[in-house]
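Fold and geometry: a report
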Amino acid sequence: MRLVVLGSGTSVPHPQRAASAHWLDAASGSVLLDASAACVHRMAQENLNWVELDAIWISHFHLDHVGGLAPFLFGTKHAPQTRERRKPLTIYGGHGLKKLLSAFDEAGDYNLLKQPFPVEVREVAPGTEFELLPGLRAQTLSTPHTSESLAVRLTEEDGASIVYTSDTGYTDALGAFAEGTQLFMMECSFWRNKPVETHLELSDAMRLARRAAPRKVLLTHLYPEWDGIDIPAEARKDWPGQTIAATDGLRMTIER
Ligand SMILES: [Zn+2]
Ligand SMILES: [Zn+2]
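Our subject in this report is the structure included herewith. In this text the structure is predicted, and so the values were computed from the model without any measurement.

Calculation notes
Along each chain, residue indices are assigned from 1 in the same order as the chain's sequence is written. Numbering of ligands from 1 and lettering of chains from A proceed in the order in which they are written. Residues qualify for local features only when their pLDDT is at least 70, as the model is predicted, and side-chain atom pairs are given and counted only at 80 or more; totals for whole chains, interfaces and linings, by contrast, use all residues. Each side-chain value is worked out from all heavy atoms of the structure, with water and hydrogens disregarded. Numbering of helices and strands starts at the N terminus; helices are DSSP runs of H or I of at least 4 residues and strands are runs of E of at least 2. One side-chain nitrogen of Lys or Arg within 4 Å of one carboxyl oxygen of Asp or Glu is enough to make a salt bridge. A simple rule labels every residue: compare its accessible area, found with a 1.4 Å probe on the protein chains alone, to the largest value its type can have, and call it buried under 20%, exposed over 50%, or partly exposed in between. When DSSP finds at least two bridges between two strands, those strands are taken to pair. Here an axis means a line fitted to C-alpha atoms, over the contact stretch when the element is a helix, while the angle between two N-to-C directions is reported on a 0 to 180 degree scale. Residues are treated as being in contact if the distance between any of their heavy atoms lies within 4.5 Å.

A separate point is unusual backbone geometry. Although it is not a glycine, Ser166 adopts a positive phi angle of roughly 50 degrees. Not every positive phi belongs to a glycine, and Asn193 is a case in point at roughly 50 degrees. Here Asn193 shows up in the loop between β11 (183-187) and α6 (202-212).

Spelled out as C-alpha cells, the structure:
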C-alpha cells in the first residue's frame, strides 16, 4: 500500500497543515481516509487520480474530517473529467452518514448522489468486518470521541495492514486493535496536558504504541501547539520504535 498525507492538521487554520485527509493506494484501488474541506484540491495538488477514486472512509462527522465530502461530490458531478466515469464510488462511515449527506443535499438541492457513475453510501457498525475494496479487509472499532467515531484496520491479502485511529480519546482497546500492524496512524492532537479527554496527547499515543508494537507509528491530526517541536525525539522518550510526524505531502509505502 502507499499512503499520501493530504492534511496532517485539524480544524484550526494553519499555513502548512490542512485538516484531516489521507490518500491510500491499495492493491485493488484507492481510498480517501477522511475528507476535510482541503482534500478536494489537495488530491489534485499531489497529482492523485481523484477521477478514479474508489472509496471514501469517513471516521466521524466533525467538519475537519467531512467538510470536503459534499464539495468533492459537487465537483465530480460537474467536472468534465468524470463525465465518462462508470466505475462505482463507495462512501463508508458510521451511523448517520446517510442523514448527513441528505442534510448537505437539502441545503442546496444538489442531488449529490446522482452522479455520472453509481455512488453507494454504506453505514458500518463498530466491531464489524467487511471488504472495503476487493481483497482489502476492513475492521472497525468504536472510539471515545463522538458517538459515531470509528477507528479502522485495513488489511491486504498479503497481510500488510494499516490502522487509522482518527480522532479518539485514550482506550486500551485501540492498542489491542492495532496489534502488530505495519503502520499505526494515530491522531496526536496535543503534546501534553491535553485540555479534553476525547483526544490523544503524546504519552497516550506512545502507551498505545507500546501495547500494539507496530512496525511504525505515524502521528497526524497535529494542532498548532506542535509547531517547532521535534516530535520523533519527544516520542522516543516514551517508545523506542520509529515514530514519524505527518506533514502534508508525506508519502509512505506499507509493506508486509
Ligand atoms: Zn479532528
Ligand atoms: Zn473530531
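Text resumes after the structure shown.
Before going further, it helps to examine the pattern of salt bridges. Scanning the entire structure with this criterion turns up 10 salt bridges. For Glu46, the salt bridge is made with Arg42, and the minimal N-O distance between the two is 2.8 Å. A relative accessible area of 15% means that Glu46 is categorised as buried. On the basis of relative accessible area, Arg42 is assigned to the buried category, the value being 11%.

Here we take up the sheet that holds strand β5 (residues 89-93). Ordered by their spatial adjacency, 7 strands build an open sheet running β6-β5-β4-β3-β2-β1-β14, and the pairing between neighbours is mixed. Looking at the sheet topology across the chains shown, the edges are occupied by β6 (119-123) and β14 (251-253). Across this sheet, the average inter-strand angle for adjacent strands is 20 degrees, counted without regard to direction. In terms of strand pairing, strand β2 (residues 21-26) meets strand β3 (residues 29-35) through 6 bridges, oriented antiparallel. Among the inter-strand pairings, Trp23 is bridged to a residue of β3, identified as Leu32. Each of β4 (55-58), β5 and β6 touches helix α4 (residues 97-108); the most contacted strand, β6, lies at about 135 degrees to it.

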